[in-house]
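Structure assessment
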Amino acid sequence: MAAKTKKASPQRVASKTPELKAPKVETWKVSQLKPYKRNARKHGKKQIEQLRASLRQFGWTMPLLVRKDGTLIAGHGRLEAAKAEGFKEAPVIVAIGWTEAQCRAYTLADNKLGELSSWDKTLLGGELQALGDLGVSLEEFGFDGPDANEAAAAAGAAPQLGGDLSYSVVIRCKDEAHQTELLAKFEQQGLTCEALIS
């Protein structure tokens, strides 16, 4: 009779909770900090500009998470933006007592977990509209384009349009004679018209 083998379960990264119950925020020189070379998350130029705008308007709101040697665990984009803004110091939390596996796993988890959330479009649209009424725009932080317009529509607000826009009305005509007749009427009223055939 063959012996039964027990299937190994996947190994957990941590057998105990890392010790960050009451983290101490320290101020380190930016020159002491270094990116984790295997950080899989990439920050494009546009996002770095958005992070820079956030730092200018709100300052540091979230410390960087680092190993004792200054290698980043979380906050690569913020550090890049801070360097571009000329910051000489940054707030950090040192992950004391974390294993190599915990540091590496959290680098991935920190980036992935934020992606997995979603927006309540109605509430978001309402907040964007209310802030707009107060003269606050969040476009430089990425709240623009189709997503912002969809949120505004969900909240019952008019979408935010910008730039040099051209407004058009398309009228479907039954035939060419009808099209010619309507063009003449509209031009008599001072409207600029274009005839399109599709």
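Anything mentioned here points back to the structure above.
What comes next concerns the included structure. None of these values were measured; they are calculated from a predicted model.

Helix and strand content of the protein chain: six helices and four strands. Listing each helix as α and each strand as β along the protein chain from the N terminus yields β-α-β-β-α-β-α-α-α-α. When each of the 198 residues of the protein chain is scored for burial, the buried share is 23%. Accessible surface for the protein chain amounts to roughly 15,000 Å². Of this, 54% is attributable to carbon and sulfur atoms.

All right, on to the sheet that holds strand S2 (residues 64-66) then. Judged by pairing direction, the sheet is mixed, and its four strands sit side by side in the order S1-S4-S2-S3 without closing on themselves. The open sheet has two edge strands with one neighbour each: strand S1 (25-29) and strand S3 (72-74). On average, adjacent strands in this sheet sit at an angle of 50° to one another, irrespective of strand direction. Of the strand pairs in this sheet, S1 and strand S4 (residues 89-94) are connected by five bridges, and their pairing is antiparallel. Along S4, the bridge assignment pairs Val-25 with Ile-93. On the sheet, helix H3 (residues 100-115) packs against S2 and S3 and is oriented at approximately 40° with respect to S3.

Below, the discussion takes up the nonpolar core. The biggest cluster of nonpolar side chains holds 10 residues, and these are Trp-28, Val-30, Leu-33, Leu-64, Val-66, Leu-72, Leu-79, Ala-90, Val-92 and Val-94. Within the residue set of this core, elements represented by two or more residues are S2 and S4. If we ignore the near neighbours within four places in the chain, the residues touching Leu-79 are Val-30, Leu-33, Leu-64 and Leu-72. Leu-65, Ile-73, Ala-74 and Ile-93 belong to the second-largest nonpolar core, a separate cluster that totals seven residues.

Compared with an ideal rise of 1.5 Å per residue, which puts 14 residues at 20 Å, helix H1 (residues 45-58) spans 20 Å between its outermost C-alpha atoms and is within 8% of the ideal. Buried within H1 are the following residues: Ile-48, Gln-50, Arg-52, Ala-53 and Leu-55. Tucked inside the fold, the buried residues of H1 contact helix H2 (76-84). Of the residues one or two after H1, Gly-59 is the one with positive phi, at around 75°.

Extensive coverage of S4 is indicated by the burial of five of its six residues. In terms of strand pairing, S2 meets S4 through three bridges, oriented parallel. Bridging from a neighbouring strand, Leu-65 pairs with Ile-93 of S4.

Further remarks concern the pattern of salt bridges. Counted under the stated rule, the structure contains eight salt bridges. Here Arg-67 and Glu-100 are joined by a salt bridge, their closest N and O atoms 2.6 Å apart. Residue Arg-67 is located in the loop between S2 and S3, and its partner Glu-100 is located in helix H3; the two are separated by 33 residues in the primary sequence. Classification of Arg-67 as buried rests on a relative accessible area of 13%.

Along H2, the residues classified as buried are His-76, Gly-77, Leu-79, Ala-81 and Ala-82. Gly-86 sits one or two positions beyond H2 and adopts a positive phi of about 85°.

Cut-offs and rules
Residues numbered from 1 in each chain as written. Predicted model: local features only at pLDDT ≥ 70, side-chain atom pairs only at ≥ 80, totals over all residues. Heavy atoms only, no water. Helix = DSSP H or I, 4+ residues; strand = E, 2+ residues; numbered from the N terminus. Buried < 20%, exposed > 50% of the residue type's maximum accessible area, 1.4 Å probe, protein only. Areas by Shrake-Rupley, 256 points an atom, 1.4 Å probe, with all protein chains shown as cover. Pairing = 2+ DSSP bridges. Axes fitted to C-alpha atoms, helices over the stretch in contact; angles between N-to-C directions. Contact = heavy atoms within 4.5 Å. Core = buried A, V, L, I, M, F, W, Y, C linked by side-chain atoms within 4.5 Å. Expected span 1.5 Å × (residues − 1). Salt bridge = Lys/Arg side-chain N within 4 Å of Asp/Glu carboxyl O.

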